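Summary of the model geometry
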Amino acid sequence: MALFKKRTVGKPGEWYYCLEHKKVEEGPDCPAKNRFGPYASREEAAHAMETARERNLEWETDPKWHDAPKDGPKPDGTSDQ
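Anyway, here's the lowdown on the structure attached to this text. (Residues numbered from 1 in each chain as written. Predicted model: local features only at pLDDT ≥ 70, side-chain atom pairs only at ≥ 80, totals over all residues. Heavy atoms only, no water.)

Some thoughts on the packing of aromatic side chains
Here is the rule we go by: Pairs were defined over the aromatic rings of Phe, Tyr and Trp, the Trp ring being its six-membered one, requiring ring centres within 6.5 Å. Orientation was assigned from the angle between planes: stacked under 30 degrees, edge-to-face over 60, tilted for the rest. Any Lys NZ or Arg CZ that is within 6 Å of a ring centre and within 35 degrees of that ring's normal is treated as a charge sitting over the ring.
Scanning the model with the defined rule gives zero aromatic pairs in all. In this structure, R35 is placed above the aromatic ring of Y16, and the distance from its NZ or CZ to the ring centre is 4.7 Å.

Next up, the structure:
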């Protein structure tokens, strides 16, 4: 007897974007490692890749999240030189 049952049918209204099949699915049909979601609507799930690209770009260009260059000063103001 399994301790945890795999939920084969998703909850109505849960939408996912499957990275393997490159399509929107209602409910978790594919493994979690292959999907984004859940999303509140089919439309929102359909734009999952665009949303991910936008968030990645925001993160990559956010100056608060960049480390100092290797040659530049450390956070304490000192340098390796």
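Regarding unusual backbone geometry
Rule in force here: Note on conventions: DSSP H or I runs of at least 4 residues are helices, E runs of at least 2 residues are strands, and numbering of each starts at the N terminus.
That bond from G37 to P38 is cis: its omega, 10 degrees, falls within 30 degrees of zero. Looking at where P38 falls in the secondary structure, it is placed in strand 3 (residues 35–39). One non-glycine residue, K22, lies in the positive phi region at around 55 degrees. Summarising the element assignment, K22 is placed in the loop between strand 1 (15–18) and strand 2 (23–26).

Some words on the sheet that holds strand 3
Threshold: Here, strands pair whenever DSSP counts at least two bridges between them. Inter-axis angles, ranging from 0 to 180 degrees, are taken between N-to-C directions of lines fitted to C-alpha atoms, where helices are fitted over the stretch in contact. Residue contacts are defined here by distance: any two heavy atoms, one from each residue, within 4.5 Å place the two residues in contact.
Strand order in this open sheet of three strands is 2-1-3, and the pairing throughout is antiparallel. Edge positions in the open sheet fall to strand 2 and strand 3, since each of these has one partner strand only. Neighbour-to-neighbour, the strand axes of the sheet open up by a mean angle of 25 degrees, direction not taken into account. Relative to strand 3, strand 1 is paired through three bridges, and the arrangement is antiparallel. Following the sheet pairing, Y17 is matched in strand 3 by F36. Of the strands in this sheet, strand 1 and strand 3 are in contact with helix 2 (residues 48–60), which crosses strand 3 at around 100 degrees.

So, the nonpolar core
Definition in use: Here, the term nonpolar core denotes a set of buried Ala, Val, Leu, Ile, Met, Phe, Trp, Tyr and Cys residues that are joined through side-chain atoms within 4.5 Å. Only protein chains enter the area calculation, which uses a 1.4 Å probe; residues under 20% of their type maximum are buried, those over 50% are exposed, and those in between are partly exposed.
One finds W15, Y17, V24, Y39, A45 and A48 forming the largest nonpolar core, which totals six residues. Not counting the four nearest positions on each side in its chain, W15 is found in contact with V24, E25, E26, G37, P38, Y39, A40, S41, R42 and A45.

Let's talk about the environment of E26
We apply this condition: Each polar contact in these results corresponds to two N or O atoms within 3.5 Å; when the atoms are within protein, one needs to be able to donate a hydrogen and the other to accept it, and residues that are neighboring in sequence are counted only if both atoms are side-chain atoms.
The residue E26 is located in strand 2 in this model. C-alpha separation for the pair E26 and K11, spaced 15 residues apart in sequence, amounts to 8.0 Å. E26 has contacts with P12, G13, E14 and W15, leaving out every residue within four places of it along the chain. In this structure the side chain of E26 is engaged in a polar contact, spanning 3.2 Å, whose partner is the backbone nitrogen of G13.

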